[in-house]
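Chain residues, written in single-letter form:
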Amino acid sequence: MAFPETRMRRLRRNESLRALVRETSLEPGDLIYPLFIRPGTGIRREVSSMPGVFNVSIDEAVREAKEAASLGLGGLLLFGLPETKDEQGTGAWDDDGIVQQGLRALKQSAASKKLVLIADVCLCEYTSHGHCGTIAKSGDDFVVENDPTLDLLARAAASLARAGADIVAPSDMMDGRVGAIRRALDQQGSADTPILSYASKFASAFYGPFREAADSAPQFGDRKTYQMDGANLREALREIDLDLAEGADMILMKPAMPYLDVVRAARERTGVPIGAYQVSGEYSMLVAAFEKGWLDRDRAILESLLGIRRAGADFAVTYFAKEAAKLLG
Ligand SMILES: [Zn+2]
């Protein structure tokens, strides 16, 4: 049947009808809020390229967790800014590292029982060179080493699990790290700690503001030898297959908006839970447009997140999480 028997507009006539036939839902529980934890007390330092996003000390992180829990958010994704950095990134697996301390404090708060605490696993926030693995240099050339990095990532994940992480989330893109982390977790009795792997993480210009937020910009070179080429969808699916074969329980896709087709393809490929990370550059470019009065803030925030859900993601990591939850009421 076609027009005039069929009139698509009949089901759009008012909000009640539109709500009844809405295909995709967006709930506060679908949203994960990233937190950058730094040393000190009473510190909230705004990231200049991400207005409204702060680096916070542990006491402030606990306050953030209370607010996140009261808004019904799904959880927090924790990153750390250590006091000192070195070539190996030892702060990543220090049991007294900044995120480990933060996890212990958060676990003591009532709010944490309503939140999933996800700990990012990587070295780049802790290495003096800012790369996600150890470096082998020869003259002016350098290589980010894969296999020697695996042991360090596994140690970091094990330490974060001991400190109370509900989920560990490796974001480094080294080959074989999911398997190495799974073995380390199992060996120390953390067999029940799930792994959320950044299965397809693309080398992207949209990470720029995060590197200021996490103080993790590479001091030389770029990350194209380990993060994926943005042109490759089939390769992303191979990455997902490999991470699942190594024991990933869930996968995270990053960035979101320029790669929603990859999220959709992943959804069709696997039944495991999928998250998508609306990364710093996606946030900052929207906020910049809001500040200029070029976009309706409330509508654009929700539309950007709904698009991620519609593409097939079960949850979204987003700097708008608290604001979106308030809008969703
Ligand atoms: Zn990294």
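What counts and how
Residues numbered from 1 in each chain as written. Predicted model: local features only at pLDDT ≥ 70, side-chain atom pairs only at ≥ 80, totals over all residues. Heavy atoms only, no water. Helix = DSSP H or I, 4+ residues; strand = E, 2+ residues; numbered from the N terminus. Contact = heavy atoms within 4.5 Å. Donors = N, O, S within 2.8 Å, 3.2 Å for Na, K, Ca; no water. Buried < 20%, exposed > 50% of the residue type's maximum accessible area, 1.4 Å probe, protein only. Salt bridge = Lys/Arg side-chain N within 4 Å of Asp/Glu carboxyl O. Pairing = 2+ DSSP bridges. Right-handed = clockwise from strand over helix to strand, strands pointing away. Axes fitted to C-alpha atoms, helices over the stretch in contact; angles between N-to-C directions. Parallel < 35°, antiparallel > 145°, perpendicular 65-115°, else oblique. Left-handed = near helix turned anticlockwise from the far one by under 90°. Nonpolar A, V, L, I, M, F, W, Y, C, P; charged D, E, K, R; others polar. Expected span 1.5 Å × (residues − 1). Patch = residues over 30% accessible without salt bridge, like charges linked within 9 Å, V, L, I, M, F, W, Y side chains within 5 Å. Areas by Shrake-Rupley, 256 points an atom, 1.4 Å probe, with all protein chains shown as cover.

Visitor: Talk me through the environment of Gly-42; I want residue IDs and the actual numbers.
Guide: Within the element layout of this structure, Gly-42 appears in the loop between strand S1 (31-37) and strand S2 (44-46). Considered as a pair, Gly-42 and Ala-61 are 19 residues apart in the sequence and their alpha carbons are 9.7 Å apart. Once residues lying within four places of it in the same chain are set aside, the contact partners of Gly-42 are Ser-57, Asp-59 and Glu-60.

Visitor: Could you give me a rundown of the coordination of the zinc ion, with the residues and numbers involved?
Guide: For a metal bound by four donors in tetrahedral geometry, the ideal donor-metal-donor angle is 109.5 degrees, whereas six donors in octahedral geometry ideally sit at 90 or 180 degrees. Binding of the zinc ion to the protein goes through Cys-122 (SG), Cys-124 (SG) and Cys-132 (SG), at separations of 2.2 to 2.4 Å. Sequence spacing among the residues donating to the zinc ion works out to C-x1-C-x7-C. On the basis of relative accessible area, Cys-124 is assigned to the buried category, the value being 6%.

Visitor: Requested: an account of the pattern of salt bridges, with residues and values cited.
Guide: Taken as a whole and judged by the stated rule, the model has 21 salt bridges. Among the ionic pairs, Glu-60 bridges to Arg-44, the shortest N-O distance being 3.4 Å. Pair noted here: Glu-60 is in helix H2 (residues 58-70) and Arg-44 is in strand S2, with a separation of 16 residues, a long-range link. Looking at Arg-44, the relative accessible area reads 37%, which means it is partly exposed. Between Lys-326 and Glu-67 there is a salt bridge whose closest N-O contact spans 3.4 Å.

Visitor: So what's going on with the environment of Gly-164? Residues and values would help.
Guide: Along the chain, Gly-164 falls in the loop between helix H4 (147-163) and strand S8 (167-170). For Gly-164, a relative accessible area of 17% corresponds to the buried category. Gly-164 sits 63 residues away from Gln-101 along the chain, and the two C-alpha atoms are 9.6 Å apart. Leave out the neighbours within four places in its chain, and Gly-164 touches Leu-103 and Lys-107.

Visitor: Go over the pairing of strand S11 (residues 274-278), please, and point to the residues and values.
Guide: For S11, the buried fraction is high: five of the five residues fall into the buried class. Bridge count between strand S10 (residues 250-254) and S11: three bridges; the pairing is parallel. Counted as the bridge partner of Met-253 is Ala-276 from S11. With helix H8 (residues 260-269) bridging S10 and the parallel S11, this β-α-β connection has right-handed handedness.

Visitor: Any details on the packing of H2 against helix H3 (residues 98-107)? Residues and values, ideally.
Guide: Taken N-terminus to C-terminus, the directions of H2 and H3 make an angle of 45°; their axes are 10 Å apart at the nearest point. Here H2 is positioned oblique relative to H3, judged by the angle of their axes. For the pair H2 and H3, the sense of crossing is right-handed. Where H2 approaches H3, its residues Ile-58, Ala-61, Val-62 and Ala-65 are matched on the opposing element by Ile-98, Gln-101, Gly-102, Ala-105 and Leu-106. Its residues placed into classes, the contact of H2 with H3 shows seven nonpolar, two polar and no charged.

Visitor: How would you explain H2 if you had to name every residue and give the values?
Guide: If you check H2, its first and last C-alpha atoms are 18 Å apart, about what 13 residues at 1.5 Å a residue would give, namely 18 Å. The complete set of buried residues in H2 reads Ile-58, Glu-60, Ala-61, Val-62, Glu-64, Ala-65, Ala-68 and Ala-69. One or two residues past the end of H2 sits Gly-72, with phi positive at roughly 80°.

Visitor: How would you summarise unusual backbone geometry if you had to cite specific residues and measurements?
Guide: With an omega of 10°, the peptide bond between Phe-3 and Pro-4 qualifies as cis. With an omega dihedral of -10°, the bond running from Lys-254 to Pro-255 counts as a cis peptide bond. Here Pro-255 lies in the loop between S10 and H8. Although it is not a glycine, Met-173 sits at a positive phi angle of roughly 70°. You can see Met-173 is positioned in the loop between S8 and helix H5 (177-187). A positive phi angle, near 50°, is found at Asp-215, a position not held by glycine. Summarising the element assignment, Asp-215 is placed in the loop between helix H6 (208-213) and helix H7 (233-246).

Visitor: Report on a nonpolar patch on the surface, specifying residues and quantitative values.
Guide: A cluster of nonpolar side chains, Leu-11, Leu-20 and Val-21, forms an exposed patch at the surface whose accessible area comes to about 300 Å². Positionally, Leu-20 belongs in helix H1 (residues 15-20). In this structure Leu-20 comes out as exposed when scored by relative accessible area, which is 70%.

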